[in-house]
Amino acid sequence: MRRLARPFLYTTGFAAVGGGVLYYSYRPRNIPGADSAVVPPPGYGAEGHFRPPRFPKVKGRANQIADLKRSGGSNGADGLLNLINGESQNDADIYDLLIIGGGATGAGVALDAATRGLKVAVVERDDFSSGTSSKSTKLVHGGVRYLEKAVWELDYNQYALVREALRERSYFLETAPHLSMWLPIMLPLDKWWKAPYYWAGTKFYDLLAGAEGIESSYFLTRSKALDAFPMLKKTDLVGALVYYDGAHNDSRMNVSLAMTAALYGSTVVNHIEVTGLEKDVTGKLCGARVKDLVQEKNGKKPEEFTIRAKGVINATGPFTDSIRQMDDPNVKEIVAPSSGVHVILPGYYSPQKMGLIDPKTSDGRVIFFLPWQGNTIAGTTDAPTKISQNPVAQEEEIDWILSEIRHYLSPDINVRRGDVLAAWSGIRPLVKDPSAKNTESLVRNHLINVSPSGLLTCAGGKWTTYRQMAEECVDEAISKFGLQPKPYPNAPDVSGTKMVDDGAQLDGSCQTHQVKLIGAHGFSKTLFINLIQHFGVETDVAKHLTESYGDRAWTVAALSSPTEQRFPVRGVKISPLYPFIDGEVRYAVRHEYAQTAVDVLARRTRLAFLNAQAALEALPKVIDIMATELKWDHQRKDIEWKDTVAFLESMGLPKSKLTATRKQVEAGKLSFADSIEYKMYSRHDQPNDELESDLKGNPTLKRDSPAER
């Protein structure tokens, strides 16, 4: 009996363990971001008429600026004298918090504070997401490479960072499902011994994600890997592992955070520059002096005025030290800027639904190769740099990325410099802790520091953990500045349907993990179909609108022009190569505080990031639409042209195009005969079984020619 019992127990045990593993891997899951829409799409009322959604609107920019002025005294600069003399304006007009910086951190802090019932103002010198926040790798991830370090170095802090990021990843996809998505990422294997090593690592990553995870990682044989990613190099390939992470549209996420904060009562204004900080008679910060840069663009002398607040937060990313030095000119710098370059390649370089990671490049760095907005994004580099507003990607950094790509793509694919559609450099604000014993060592995650005068600085971190950073920052502000958070029972009807009480959970504590952003309530994976059926827009346009604006796509489509064609019925593209339409420009101006053509081309649409030359070609149309909306004169239109072309240099626009005039672009006479792209194709041969230039030999298309490198 014992001889029979032992094998039976072993068999039962193995079956139970195997069954448990199988169940864990294939169990039904509630995938974050994949739920049905909170509210249904618009339909027809009892009387038979279509009922479009009626979304709440943010205050106009002029009204927001009036609120800022009111906090420091309605007489503008006269309010400054009252401040210094200790005279009080109306206390109800004074802000609890003034946040300097409208990137991911600043906008996140604004939304957190506003939903805790605090009175908040945000000012941004340029535009929301104009700096580092729009120049990320577009991933929302825990960081598999950080997990590897945590294991090998037995570093609990690295482990905690990964765990925190995985939790925040799920909140990301719950609160903004239209702007974020799950993306499978392939890790090619060139040695069999790497399979169990990386399999264990990705399974540990799945395990850490727990309920916040989605599909489990899995192994692909060589043939399956090539089927999923046909561009891979076959040499030495033995298989691949695939794990899941999040991806998002970074600048649209940033703009949505700012606009949601504005709906919840924050005063949010871009293109407002802080010129100085104000202190009361005790030496404590009590506000800031600012000026409106839009007035300068309109040919007027900008009025300087004062904003008064109980607490001031510095959330300016790479420019953190410039604000700290306004507070104390002798303060030691804490930002160690690092350049991260990315390049954009055509979509045929990668599958539409599969990314790739190279964990060990030639110099030990990690490089991602991901589908994004119909193109392919590759990066990033990591090198010390100087701080500038619009850094330009250096040629050697672009060449390094292309060289690394060649290592894992098939030799049949010629990775050419001329295929680079855009290239940009983002500045990572790595920070040192001024209160640490070793003030030269970099902070692993983010830093929150309060100066003797009360300047609260929040710096460092990454996109994935912006919400956690904001929560900790607001907690510190409430403690240091003696603020009184309170419930928000009369929250705005963000969904525009009166079907959701967004204020129900707002009890004065941090609730941003469940505050849905503008556009999220009515979004579903099938919303684009409703848009096509009602407005007659093209399928690719409808998908783009719903994945960029969520339920606000109804308003964007309504703002688009009729085409006067059989189909599509509405939506005139600003570039024939991409699904961006004229309605987006009007929506950006009316509902998202877009004030310049760069705001639209780079941060509201992503055309400048996807294709610098296509952005140049779309520029006349964008300027004309904005001129109608904002009543620009010819002088302002000329300024917009010059400023935007200069900006496009930082997006990789070839130097030969930097002198382009509007007339040349509109007439289609912009010469590119001196560009690499011109020499990459046979452009003038007549139709024939074999092109004449191939028969005679085209000197510009030889293997070693500049066009083919």
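These numbers were taken from a predicted model, which means no experiment stands behind them.

Colleague: Describe in detail the pairing of strand β13 (residues 367-372), supporting the description with residues and values.
Modeller: With six of its six residues buried, β13 lies for the most part within the structure. Of the two faces of β13, both are covered, the one formed by Ile-367, Phe-369 and Pro-371 as well as the one formed by Phe-368, Leu-370 and Trp-372. With three bridges joining them, strand β12 (residues 355-358) and β13 adopt antiparallel strand pairing. Within β13, the residue paired with Ile-357 across the bridge is Phe-368. Here β13 folds back onto strand β14 (residues 375-379), and the loop between the two strands holds two residues, one of which, Gln-373, carries a positive phi near 55 degrees.

Colleague: So what's going on with the nonpolar core? Residues and values would help.
Modeller: Counting residues in each nonpolar core, the largest one holds 62 residues, and the members touching the most others are Leu-607, Ala-608, Leu-616, Val-622, Met-626, Leu-648 and Met-651. Here the element with the most residues in this core is helix α20 (residues 612-630); it accounts for 11 residues. Not counting residues within four places of it along the chain, the set of residues in contact with Met-651 comprises Lys-135, Ala-422, Ala-423, Trp-424, Ala-608, Phe-609 and Ala-612.

Colleague: An account of helix α14 (residues 527-535) is needed here, citing residue identities and associated values.
Modeller: Leu-527, Phe-528, Leu-531, Ile-532 and Phe-535 are the residues of α14 that are buried. Buried residues along α14 cover an arc of 145 degrees about the axis, so they all sit on one side. The inward-facing, buried residues of α14 contact α15 (539-549) and α16 (553-558). Directly beyond the C-terminal end of α14, a positive phi value near 70 degrees is found at Gly-536.

Colleague: Explain the confidence of the model for the protein chain to me, and be specific about the residues and the numbers.
Modeller: Per-residue pLDDT for the protein chain averages 89, and the proportion of residues at 70 or more is 90%. Note on residues 76-81: pLDDT under 50 across the span, and 14 contacts to partners over four residues away in sequence or across chains. Within the model, pLDDT remains below 50 along residues 83-88, and this stretch shows eight contacts once partners closer than five positions in the same chain are excluded.

Colleague: Give a detailed account of the state of the cysteines, specifying residues and quantitative values.
Modeller: All chains considered together, the criterion is met by zero disulfides. With no disulfide of its own, Cys-458 lies 4.3 Å from the sulfur of Cys-473, the closest cysteine sulfur.

Colleague: Describe in detail the packing of helix α5 (residues 144-152) against helix α6 (residues 156-175), supporting the description with residues and values.
Modeller: Here α5 crosses α6 at 150 degrees, and the two axes come no closer than 8 Å. Between α5 and α6, the angle is such that the two are roughly antiparallel. With respect to the hand of their crossing, α5 and α6 are arranged in left-handed fashion. Residues Tyr-146, Leu-147, Lys-149 and Ala-150 of α5 touch α6, and the partners they reach there are Gln-158, Tyr-159 and Val-162. A breakdown of the residues in the contact of α5 with α6 according to their chemical character gives five nonpolar, one polar and one charged.

About the thresholds
- Residues numbered from 1 in each chain as written.
- Predicted model: local features only at pLDDT ≥ 70, side-chain atom pairs only at ≥ 80, totals over all residues.
- Heavy atoms only, no water.
- Buried < 20%, exposed > 50% of the residue type's maximum accessible area, 1.4 Å probe, protein only.
- Helix = DSSP H or I, 4+ residues; strand = E, 2+ residues; numbered from the N terminus.
- Pairing = 2+ DSSP bridges.
- Core = buried A, V, L, I, M, F, W, Y, C linked by side-chain atoms within 4.5 Å.
- Contact = heavy atoms within 4.5 Å.
- Arc of directions from axis to C-beta.
- pLDDT = per-residue confidence, 0-100.
- Disulfide = S-S within 2.5 Å.
- Axes fitted to C-alpha atoms, helices over the stretch in contact; angles between N-to-C directions.
- Parallel < 35°, antiparallel > 145°, perpendicular 65-115°, else oblique.
- Left-handed = near helix turned anticlockwise from the far one by under 90°.
- Nonpolar A, V, L, I, M, F, W, Y, C, P; charged D, E, K, R; others polar.

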